[in-house]
Amino acid sequence: MERKLNATRREVAGKGGARKLRTTGQVPGVVYGHGMEPVPVAVDARELYHIMHTDAGSNVLIDLSVGPDHHLTLAREIQRDHVRGQFLHVDFLAVRRDEMITVDVPVELTGESHGVKEGGVVEHHLWEIRVQCLPGDVPQRIEGEITKLGIGDSLRAGELPLPPSVEMLTDPEETVVSVVPPPILQVEEEVAEAVEGEEAEGAAEGATAEEGEQRAEQPAEDAEGGGEEG
């Protein structure tokens, strides 16, 4: 679904001009792509906020009007003031409906791992996957079902369900989520491994020392035997 957004051509460039725009409720930006000359623009901050807070997030398609010109765009390089929560600058990438684009799509976990019920802990490693598709086929999210995961199991990127029109670019072997033993059990296993390692090391050192003593005694026995023969 596309969202419409009106923009005006920005005449004053530089940080000073950008600050003035923000005081009037505008957000400075630029439209670029497909060999076109970058066009500096300004958009209404409230309208941009509502558009960017749809389910599609930053992958929402924007029909950007700049005077008589219309551009199908995606918002990219979004700069924010994280303290005040306001937009500082936004780049609009012009796209074509019939041309493949590359986007990052969020991964949303569904279900409840039975490994968690057994005391395990879910570790979410990969929050987004990179895909390639047409602008109109960009999924809002990719769901990862974790109900069947037990302790020690994991879900890889290649196991995520994708629409037929979407191609995954992320390494399919990359781990999205895993279920690990509870922290206490992990510590106990690490301690046990450390103790086993120390015992093995001690046994090896003992064997080495014993072998050294045997080698030291052997020449003496050989010398005694040689004297008797003479």
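Residues numbered from 1 in each chain as written. Predicted model: local features only at pLDDT ≥ 70, side-chain atom pairs only at ≥ 80, totals over all residues. Heavy atoms only, no water.

**Student:** Before we go on, may I ask you to explain the nonpolar core in this structure?
**Tutor:** For soluble globular proteins, nonpolar side chains are generally found buried alongside one another. With 24 residues, the main nonpolar core has Val103, Ile129 and Leu160 as its most contacted residues. Breaking this core down by element, the ones donating at least two residues are strand E5 (69-81), strand E7 (101-110), strand E9 (128-133) and strand E13 (175-180). Looking at which element gives the most residues to this core, the answer is E7, with 4 residues. Those residues in contact with Val103, other than ones at most four positions away along the chain, are Asn59, Leu74, Arg76, Ile129, Arg130, Val131 and Val138. Judged by nonpolar contacts, the second largest core, of 18 residues, contains Leu5, Val31, Met52 and Leu64. (Core = buried A, V, L, I, M, F, W, Y, C linked by side-chain atoms within 4.5 Å. Buried < 20%, exposed > 50% of the residue type's maximum accessible area, 1.4 Å probe, protein only. Helix = DSSP H or I, 4+ residues; strand = E, 2+ residues; numbered from the N terminus. Contact = heavy atoms within 4.5 Å.)

**Student:** Is there a simple way to think about unusual backbone geometry in this case?
**Tutor:** Phi at Glu77 is positive, roughly 55°, even though this residue is not glycine. Given the relative accessible area of 57%, Glu77 is considered exposed.

**Student:** So what exactly am I meant to see when it comes to the pattern of salt bridges here?
**Tutor:** Should their charged atoms come close, side chains of opposite charge can pair. One pass over the structure, following the stated rule, counts 5 salt bridges. We note a salt bridge from Arg97 to Glu2, for which the minimum N-O separation is 2.3 Å. Here the residue Arg97 occupies a position in the loop between strand E6 (86-94) and E7, and Glu2 occupies one in strand E1 (residues 2-9), the gap between them amounting to 95 residues. (Salt bridge = Lys/Arg side-chain N within 4 Å of Asp/Glu carboxyl O.)

**Student:** Is there a simple way to explain the sheet that holds E5 in this structure?
**Tutor:** Pairing between sheet strands relies on hydrogen bonds along the backbone, with the strands arranged either parallel or antiparallel. Within the closed barrel, the 6 strands sit side by side as E1-E3-E2-E6-E5-E4. Their pairing is mixed. Strand-to-strand twist in this sheet, taken as the mean axis angle between neighbours without regard to direction, amounts to 45°. One ladder, built from 6 bridges, connects strand E4 (residues 61-66) with E5; its direction is antiparallel. Note on E5: the bridge partner recorded for Leu61 is Leu74. (Pairing = 2+ DSSP bridges. Axes fitted to C-alpha atoms, helices over the stretch in contact; angles between N-to-C directions.)

The values reported here are purely geometric and, on their own, carry no functional implication.
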